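Here's the letter readout for the chains.
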Amino acid sequence: MNVLLFGKGGREHALARKMSQSSRLGELWVTEAGNPAIDAIARPTGVPCDIRQAYRLQQFCDHHDIDLVVIGPEDPLADGWVDVLATPTRVVFGPPKEAAQLEASKAWAKQLMRQAAVPTAESRAFTNAEAARAYIETRDEPVVVKASGLAKGKGVVVCGTQDQAFAAIDRIMVDREFGEAGDTIIVEEKLEGQEASVFALVDGRNIWLLDCCQDHKQLHEGDRGPNTGGMGAYCPTPVIDEEMLGVIQRDIIMPTIDGLRREGIEYRGVLYVGLMLTYAGPKVLEYNVRFGDPECQVLMARMDCDLVEILWATATGCLDTCDMDTDQRVACCVVMAAGGYPGLCEKGLPITGIEDAEADGSTVVYYAGVARDKAGQLVTAGGRVLGVTSLGATLAEARDRANAACEKIHFENAHWRRDIGDRVLVNR
Ligand code: AMP
Ligand code: GLY
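So, here is what we can say about the structure in this document.

So, on to the pairing of strand S1 (residues 3-6). Of the two faces of S1, the one lined by Val3 and Leu5 and the one lined by Leu4 and Phe6 are each fully buried. Strand direction decides the pairing type here: S1 and strand S4 (residues 68-71), joined by four bridges, are parallel. Each bridged residue has a counterpart across the sheet, and for Phe6 the counterpart in S4 is Ile71. Examined bridge by bridge, S1 and strand S2 (residues 28-30) share three bridges and lie parallel to one another. Looking at S2, one finds that Leu4 is bridged to Trp29.

Following this line, the structure appears as structure tokens:
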């Protein structure tokens, strides 16, 4: 099977690496060159990935007999690449553009949740800053202000006071920090509890839940500091047991898929539900229509089966014919970030020690913001640089191994959280 992969971050390195181990894989192509680890196993198409010139990638796929297209990031899903690349002989892993609104428009997602009675924070949508301010003045409890559109995980402000909420509205609607993504905002009640990420493969008919993960969004240890794209994750998480997973499937995943069906939308791909585990049960914080980053890294580290086959089965509606084996060890991914992240970061700093870090045989270093300079040296090229992912018999062992591996890797001003998973370790 010839496969084309969209994206070039840490999540896509994890997907590409797992696909490259498949006996079903023919040629692996990637839409963008530049990630040295992906470039070592996939060939760049050399064709611009611009939806206004979709015919160029369509022609590429026809010419190179691409059988399966796998879309990693949210933007190409929101742009509708699934709709333009799928043909009777070529399938795409990912939901169609209409379904991608679950992530691309929080206002749309909230309305679907309301109609399908999916538990979530109470909220209201506003297209006018004055009206949003007036609403907040009537609320005593803390609120969360969110840009409705895609903002790379940065368009959410959890506000402790009314003044913070007013400031968030100004940033999003007046200063337009996230551009059009902030034309509509959501103001919602602040929920309390542990957060967890649930991933369901959905093939149109069958739903297949993967083991649950916990991400660590805040920059600093102890869950302090600004939100980031994710500083580390582990899987499986003990905060969701079998019984709660059953509730999540029955009360959240199935009503969501049914709600989409009532809108005439068939969901295929991975549905990622961000949950807050509140005293009143699990509630949806957000939907995403792709794998999480860095959750994908821990999911792939544990997956003990043929990923190409599974993605193909999801895209063609025959998940029920697949078996999925999972390594029973715990996986922990620690993100090594560049100085300055989540703000502006210095790029081009030499990275050393990756081979050493992987020498324990239980660690894989996924490349995210990494490039190769003219001399062939690995250098930093983004905020989240590496996803150092280790397996261990317990979460503590996996975490210690990943931290020990991070110590062996060097680039200037590297920083990472040494407490990934501690939330559950200290509570036990
Ligand atoms: P989202 O992109 O909607 O998942 O929001 C990003 C992060 O903001 C989440 O992972 C939570 O940590 C936090 N968050 C979002 N909504 C709420 C809420 N209603 N209550 C508390 N925290 C929230
Ligand atoms: N790990 C958070 C995200 O992928 O959105």
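Picking up where we left off.
Time to look at the site of ligand 2. Neighbouring ligand 2 are Asp215, Lys217, Gly229, Tyr272, Arg290, Gly292, Asp293, Pro294 and Glu295. Here Arg290 contributes a side-chain N or O atom positioned 2.8 Å from an oxygen atom of ligand 2. With respect to ligand 2, the side chain of Glu295 contributes an N or O atom lying 2.7 Å from a nitrogen atom. When isolated, ligand 2 has an accessible area of 200 Å², and the protein chains bury 89% of it.

This paragraph deals with the pattern of salt bridges. Following the criterion strictly, the structure yields 30 salt bridges and no others. Two residues, Arg401 and Glu397, come together in a salt bridge whose shortest N-O distance is 3.3 Å. Here Glu397 and Arg401 lie together in helix H14 (residues 395-408), a separation of four residues that amounts to about one turn. Classification of Arg401 as partly exposed rests on a relative accessible area of 27%. Owing to a relative accessible area of 32%, Glu397 belongs among the partly exposed residues under this scheme. Note that Asp422 and Arg399 form a salt bridge whose closest N and O atoms lie 2.3 Å from each other. Linking Asp422 in helix H15 (residues 422-427) with Arg399 in helix H14, this pair joins segments that are 23 residues apart in sequence. We classify Asp422 as partly exposed; its relative accessible area is 21%. Judged by its relative accessible area of 13%, Arg399 is buried.

Our next topic: the site of ligand 1. In the neighbourhood of ligand 1, 16 residues make up the surrounding shell, with Glu188, Glu189, Leu191, Glu195 and Glu286 lying closest. Within the side chain of Lys106, an N or O atom sits 3.1 Å from an oxygen atom of ligand 1. With respect to ligand 1, the side chain of Glu195 contributes an N or O atom lying 2.4 Å from an oxygen atom. Bound to the protein, ligand 1 loses 95% of the 470 Å² it would expose on its own. If you list the elements that add at least two residues to the shell around ligand 1, you get strand S7 (143-147), strand S8 (156-158), strand S9 (185-189) and strand S17 (281-288). Of the residues that constitute the shell around ligand 1, the class distribution is seven nonpolar, one polar and eight charged.

Before going further, it helps to spend a moment on the sheet that holds S9. Read from one edge of the open sheet, four strands run S6-S9-S7-S8, paired in antiparallel fashion. Of all the strands in the sheet, the pair left with one neighbour each is strand S6 (123-126) and S8. Each adjacent strand pair in this sheet contributes to an overall mean axis angle of 15°, direction not counted. The sheet contact formed by S7 and S8 spans three bridges and is antiparallel. Its bridge partner being in S8, Val145 is matched across the sheet by Val157. On the sheet, helix H9 (residues 162-174) packs against S6, S7, S8 and S9 and is oriented at approximately 5° with respect to S7.

As a further point, take the sheet that holds strand S19 (residues 363-367). Pairing is antiparallel in the open sheet, where five strands are placed in the order S12-S15-S18-S22-S19. Both edges of this open sheet fall to strand S12 (214-215) and S19, since each of them pairs with a single strand only. For S12 and strand S15 (residues 232-235), the ladder comprises two bridges, and the chain directions are antiparallel. Its bridge partner lying in S15, Gln214 is registered against Tyr234. Across the sheet, helix H11 (residues 295-302) lies against S12, S15, strand S18 (330-337), S19 and strand S22 (384-392), angled at about 140° from S18, the strand it touches most.

Let's shift gears to the nonpolar core. Grouped together as the largest cluster of nonpolar side chains are 80 residues, with contacts concentrated most on Leu102, Ile240, Tyr267, Tyr287, Ile351, Leu386 and Ile409. Looking at which element gives the most residues to this core, the answer is helix H10 (residues 242-262), with six residues. For Ile409, the contacting residues outside a window of four places in its chain are Met336, Ile351, Thr352, Gly353, Ile354, Ala357, Val365, Leu386 and Val388. Among the nonpolar cores identified, the runner-up in size contains 47 residues, and Leu5, Ala14, Tyr272 and Ala315 belong to it.

Let us now look at unusual backbone geometry. Following Cys235, the chain continues into Pro236 via a peptide bond in cis, with omega recorded as -5°. Cis geometry marks the peptide bond from Asp293 to Pro294; its omega dihedral reads 25°. Residue placement: Pro294 occurs in the loop between S17 and H11. Phi is positive for Arg176, which is not a glycine, with a value near 55°. When you line up the elements, Arg176 lands in the loop between H9 and S9. The partly exposed category is assigned to Arg176, whose relative accessible area is 41%. The phi angle at Asp223 is positive, at roughly 55°, despite the residue not being glycine. Within the secondary structure, Asp223 is located in the loop between strand S13 (218-220) and strand S14 (224-227).

Rules and cut-offs
Residues numbered from 1 in each chain as written. Chains lettered and ligands numbered in written order. Predicted model: local features only at pLDDT ≥ 70, side-chain atom pairs only at ≥ 80, totals over all residues. Heavy atoms only, no water. Buried < 20%, exposed > 50% of the residue type's maximum accessible area, 1.4 Å probe, protein only. Helix = DSSP H or I, 4+ residues; strand = E, 2+ residues; numbered from the N terminus. Pairing = 2+ DSSP bridges. Near = heavy atom within 4 Å. Polar contact = N/O pair within 3.5 Å; in protein donor to acceptor, adjacent residues only side chain to side chain. Areas by Shrake-Rupley, 256 points an atom, 1.4 Å probe, with all protein chains shown as cover. Salt bridge = Lys/Arg side-chain N within 4 Å of Asp/Glu carboxyl O. Nonpolar A, V, L, I, M, F, W, Y, C, P; charged D, E, K, R; others polar. Axes fitted to C-alpha atoms, helices over the stretch in contact; angles between N-to-C directions. Contact = heavy atoms within 4.5 Å. Core = buried A, V, L, I, M, F, W, Y, C linked by side-chain atoms within 4.5 Å.

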